[in-house]
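A structural walkthrough
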Amino acid sequence: MILRKIQPGTCRAWLSRVSLRQEVCFFSSVPSHPVPPLAHTLQGYLRALEPLLPPEELRHTRRMVQEFGRPGSLGAQLQEGLERRARHTKNWISDWWVQWAYLESRQPLPVHSNPAISLPRRDYNDWRSQLVFASKLIAAVLDFKAKINNGQLPAEYMRGKPLCMELYPLLFSSCRVPGPKHDYIARHGRSRRSPTHITVVRNYQFFQLEVYNSDGSRMTESQIHAQLLRIRSQSWKTDKEPMGILTSEHRHTWGQAYNRLLRDKLNKESVRLIETGLFSLCLDSPVMRISDEKYASRKAAQILHGGGTFSNSGNRWFDKTLQFVVGEDGSWGLLYEQATAEGPPIATLLDHILEYCEKPDPKRAPLVPLPMPKKLYFHIDREIKRDIEHAKQNLDILINDLDVNVFNFKRFGKELPKKYNLSPNSFIQVALQLAYYRVHNEVCPACDIASQRMFRGGRTEFIRSPTNQTLMFIQAFDDPSVSREAKLQLFREAVDAYTALTELALKGHGIDRHLLGLKLQAIEEGLSIPKIFMDTAYGLATHWKLRTGQVPANTDSVMCFGPLVPDGYAICYNPQADHVHFSITAFNCCEETHAETLAGTLKDTLCQLQELLQPTV
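All of these numbers come straight from a predicted model, not from anything done at the bench.

1. Details of helix α15 (residues 468–477)
- Turning to α15, its buried residues are T470, L471, F473, I474, A476 and F477.
- Buried-residue contacts for α15 involve α14 (424–440), α16 (484–506) and α20 (595–613).

2. Structural notes on the pattern of salt bridges
- Considering all chains together, one arrives at 29 salt bridges under this definition.
- The shortest N-O distance in the salt bridge between K136 and E221 comes to 3.4 Å. With K136 in helix α6 (residues 127–149) and E221 in helix α7 (residues 221–233), the pair connects residues that are 85 residues apart, well separated along the chain.
- Owing to a relative accessible area of 11%, K136 belongs among the buried residues under this scheme.
- E156 serves as the salt-bridge partner of R453, at 3.0 Å between the closest nitrogen and oxygen. One end of the pair, R453, is in the loop between β15 (446–451) and β16 (460–465); the other, E156, is in strand β4 (residues 156–158), and 297 residues separate them in sequence.
- Since its relative accessible area comes to 2%, E156 is described here as buried.
- Beyond isolated ion pairs, a larger network of salt bridges with shared partners links R106, R176, D183, R251, D319 and E337.

3. Observations concerning the packing of aromatic side chains
- Tallying each qualifying case throughout the model produces 22 aromatic pairs.
- Ring centres 6.1 Å apart and planes at 75 degrees place the aromatic pair W97 and Y102 in the edge-to-face group. Both residues of the pair, W97 and Y102, belong to the buried class.
- Ring plane angle 75 degrees and centroid distance 5.0 Å describe the contact between F533 and Y538, whose orientation is recorded as edge-to-face. This pair shows no difference in class: F533 is buried, exactly as Y538 is.
- Three or more aromatic residues joined by ring pairs form one cluster here, namely F409, F412, F427, F473, F477 and F491.
- Of note, R202 hangs over the ring of W236, and the distance from its end group to the ring centre comes to 5.9 Å.
- Positioned above the aromatic ring of F462, the side-chain terminus of R513 is 4.3 Å from the ring centre.

4. Points about a nonpolar patch on the surface
- Among the surface-exposed residues, I523, I529 and M534 lie close enough to one another that they form a single nonpolar patch of about 290 Å² accessible area.
- With respect to the helices and strands, the residue M534 is situated in helix α18 (residues 531–534).

5. Let's talk about the pairing of strand β9 (residues 205–210)
- Of all six residues in β9, five are buried; the element is thus mostly enclosed.
- Taken together, the six bridges between strand β8 (residues 197–202) and β9 define a ladder with antiparallel strand orientation. Considered in β9, the bridge of T199 is made with Q208.
- From the end of β8 to the start of β9, which pair antiparallel, there are two residues, and N203 there has a positive phi angle of about 50 degrees.

6. Observations regarding the sheet that holds β16
- An order of β14-β20-β19-β17-β15-β16 is seen for the six strands of this open sheet, with the pairing classed as mixed. Because the sheet does not close on itself, it has two edges, and the strands there are β14 (402–409) and β16. Each strand of the sheet is rotated relative to its neighbour by a mean of 20 degrees, with strand direction disregarded.
- Lying on the sheet, helix α12 (residues 382–401) is in contact with β14 and β20 (580–587); it crosses β14 at an angle near 45 degrees.

7. Some words on the domain arrangement of the protein
- Considered domain by domain, the protein is made up of domain 1 (121–403) and domain 2 (410–613).
- Computed from C-alpha coordinates alone, the two centres of domain 1 and domain 2 are separated by 31 Å.
- Each partner contributes to the interface: domain 1 provides 28 residues, whereas domain 2 provides 27 residues.
- When domain 1 packs against domain 2, the two sides together hide about 2,100 Å² of surface, and 51% of this comes from carbon and sulfur.
- Among the residues domain 1 hides against domain 2, the three largest losses belong to C164, D401 and D403. Together they make up 28% of the total.

8. Side note on the environment of V271
- Tracing the chain through its elements places V271 in helix α9 (residues 265–276).
- Taking the relative accessible area as the measure of exposure, V271 reaches 1% and is therefore buried.
- It is 9.9 Å that separates the C-alpha atoms of V271 and W317, two residues lying 46 residues apart in sequence.
- Those residues in contact with V271 that lie beyond four places of it in its chain are Y258, L261, L262, W317 and F378.

9. Quick notes on the nonpolar core
- Formed by 53 residues in total, the largest nonpolar core has its most connected members in L228, F279, L281, L322, F324 and I353.
- The biggest single contributor to this core is α6, with eleven residues.

10. Considerations on the environment of S465
- Examined against the element boundaries, S465 turns out to sit in strand β16.
- Relative accessible area serves as the criterion here: at 6%, S465 is assigned to the buried category.
- Note: C-alpha distance between S465 and A48 (417 residues apart in sequence) is 7.2 Å.
- Here S465 is in contact with Q429, Q433, C444, P445, A446 and Y498, once residues within four sequence places are set aside.

11. With respect to the sheet that holds strand β12 (residues 332–336)
- The strand order across the open sheet built from eight strands is β13-β9-β8-β10-β11-β12-β3-β18, with neighbouring strands paired in mixed fashion. Two strands bound the open sheet, and with one partner strand each, they are β13 (374–375) and β18 (558–560).
- Across five bridges, strand β10 (residues 280–284) lies against strand β11 (residues 322–327) in parallel orientation. Opposite L283, over in β11, you have V326 as the bridge partner.
- On top of the sheet, α7 reaches β8, β9 and β10; it is set at about 155 degrees to β9, its chief contact.

Thresholds applied
Residues numbered from 1 in each chain as written. Predicted model: local features only at pLDDT ≥ 70, side-chain atom pairs only at ≥ 80, totals over all residues. Heavy atoms only, no water. Buried < 20%, exposed > 50% of the residue type's maximum accessible area, 1.4 Å probe, protein only. Helix = DSSP H or I, 4+ residues; strand = E, 2+ residues; numbered from the N terminus. Contact = heavy atoms within 4.5 Å. Salt bridge = Lys/Arg side-chain N within 4 Å of Asp/Glu carboxyl O. Phe/Tyr/Trp six-rings, centres within 6.5 Å; stacked < 30°, edge-to-face > 60°. Lys NZ or Arg CZ within 6 Å of the ring centre and 35° of its normal. Patch = residues over 30% accessible without salt bridge, like charges linked within 9 Å, V, L, I, M, F, W, Y side chains within 5 Å. Areas by Shrake-Rupley, 256 points an atom, 1.4 Å probe, with all protein chains shown as cover. Pairing = 2+ DSSP bridges. Axes fitted to C-alpha atoms, helices over the stretch in contact; angles between N-to-C directions. Domains from an automatic or database assignment. Buried area = accessible area lost by both parts, 1.4 Å probe. Core = buried A, V, L, I, M, F, W, Y, C linked by side-chain atoms within 4.5 Å.

In structure tokens, the structure reads:
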């Protein structure tokens, strides 16, 4: 048995080579998601508020929370409702979470929702090599899909326990569809006649590319390459309207435009082919290169949103679950839609692609004529033209407002904390809180992501910071009257406290999904929203000024997404053995936040924490 260890404090897990042919037995061994005890969640909630609230406000909230949690109270009634729901559903929170966090959100998908993963630049700088690599990438993804279909995908384990694998088949032929009040997910991969094409987009023009031969076999790399050459020859000019830009709009606006678009039969057919395709491939023109130092940030931004309407944003269909981006300059990455996809399956897919790309093309191309890739046409009337113009303006405003800073911290990686028996993820989380405090002179509500895939249908939970221990450490760290030994002890306590919260979240005993469940259960039962959710403390505690995520991978990749709130930051990191990749985003419209300032402070903070552990004097 081959085992591959991945950091448990986040989203990835122990992987072990077990066939998914044992699916029935395998899924039955994944337990249901527990409903945490109400008293435990309310105590955890109050503890989380302690570093954030002044004493008087905390007393007021404590009284309210105690009243909510009394036997026979509204809280107890809602808890019973959740326990009932848990007995009769596969997972008591996941469907609610996807609906509430994603499908009911009306914000644009680029920046606000869809995460991007930027991979190390490939060693080429022309369109010929771009198409060769794109062919290899398509073949690699089809190989991964075949492993899912044939039950050969390695089942994943965390600490010896199996993880739910049901998201994997949903990655392909699925798409988010806009609606007036909420969106929905269209999944086409489960139909009797599963789609056999992908969508390729270049110079804002979409093409249907069949990737299977008439006998059902996958096309070889050389066959795919021949087809990509044909697509290139059909898409010389960018004088077409960038239809993909429409998908970047506010969801209500896009929903209205979507309905107008689909009134035309030609448009309806073209949209259907994009939505049903296995995935999309975006063949981008080069990222504008300013300096080597800023290239990593520019590259990540390019994958996240396309770089603007004068760049590659017209080469996206943001509703699509999987979009691979391959630039002419060697830049490449992946953009995904979160209602269906999560970080861990995506990271596993990328690992497979990178492994596959190291191998030579295994098959020779059969000498059969290939059908011409089908160009997708749109009938653009005056209304749709106006919709596109508005979408272009709004997307450029959004892109210009986003400050992106990507850097590789090279002084040390995850081996340093491990050497001192500290969790690398918890180490970085405490460092992030200290860096934020140094820039803003306050601690703030922060959420890290923990996977819940050890439960059937599980998605994610938040790990909250700061803790009381973090606050005590932060206040002591820059105080010259506190000894190094005392600071080191406080640092260890802060890291251990965060590790303990991580352990609770991984056991299904986090507090945030449970609190959300109680609130949604009240709505479900037609009751008024409980007072604790109307309290200013709850508003403060869920105003996530630091949205963070560790996405460990076996390669030097970095994830990137926008902040959750206008005056916040989003920070992603990928710890390797001797270095850590970071991406920090903030909005320019907020005068208080500045990605570059926080990045510089974080680098200094990490160096000083290394000095704390390993004094040079």
